[in-house]
Amino acid sequence: MRVTRLGSDLLWKEGEWTVEFSGKNRPPPKDPLTVRKNVYRVLLTRGRDATVIFVPPDVRMDRTYERLVSVGLREL
């Protein structure tokens, strides 16, 4: 089983995925949304038996959690 912790760098806001880039040591990528979505795609597809997604109890993550539940995420 693999546990993936969602961060506040990829959020569901106003009906779409948004990126909050906070990198200070390097410039942001040309297409930060695509890069961030690919990072999470890789992380979420590495579990062989199961994948658990941990959404931190943070107000910024509430809409993201609601979106994941609306598309079939099952709460443990």
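Described below are features of the structure shown in this document. (Residues numbered from 1 in each chain as written. Predicted model: local features only at pLDDT ≥ 70, side-chain atom pairs only at ≥ 80, totals over all residues. Heavy atoms only, no water.)

### Some points on the pairing of strand 3 (residues 16-19)
Logical step 1: Sheet topology note: the strand 2 (residues 10-13)/strand 3 ladder contains four bridges and is antiparallel. Bridge pairing links Leu11 to Thr18 in strand 3.
Logical step 2: Linking two consecutive strands that pair antiparallel, namely strand 2 and strand 3, is a turn of two residues; a positive phi of about 50° is found at Glu14 within it. (Pairing = 2+ DSSP bridges. Helix = DSSP H or I, 4+ residues; strand = E, 2+ residues; numbered from the N terminus.)

### Observations regarding the environment of Phe54
Logical step 1: Mapped onto the elements of the fold, Phe54 is located in strand 4 (residues 51-54).
Logical step 2: Residues Phe54 and Glu16, 38 residues apart in the sequence, show an inter-C-alpha distance of 20 Å.
Logical step 3: When near neighbours in sequence (up to four residues on either side) are disregarded, Phe54 contacts Thr4, Arg5 and Leu6. (Contact = heavy atoms within 4.5 Å.)

### Regarding the packing of aromatic side chains
Logical step 1: Scanning all chains against the criterion turns up one aromatic pair.
Logical step 2: Their ring planes at 75° and their centres at 5.1 Å tell us that Trp12 and Trp17 sit as a pair that is edge-to-face.
Logical step 3: A relative accessible area of 26% places Trp17 in the partly exposed class.
Logical step 4: It is Arg67 that lies over the ring of Trp12; its NZ or CZ is 4.3 Å from the centre. (Phe/Tyr/Trp six-rings, centres within 6.5 Å; stacked < 30°, edge-to-face > 60°. Buried < 20%, exposed > 50% of the residue type's maximum accessible area, 1.4 Å probe, protein only. Lys NZ or Arg CZ within 6 Å of the ring centre and 35° of its normal.)

This is a description of form; function is not addressed.
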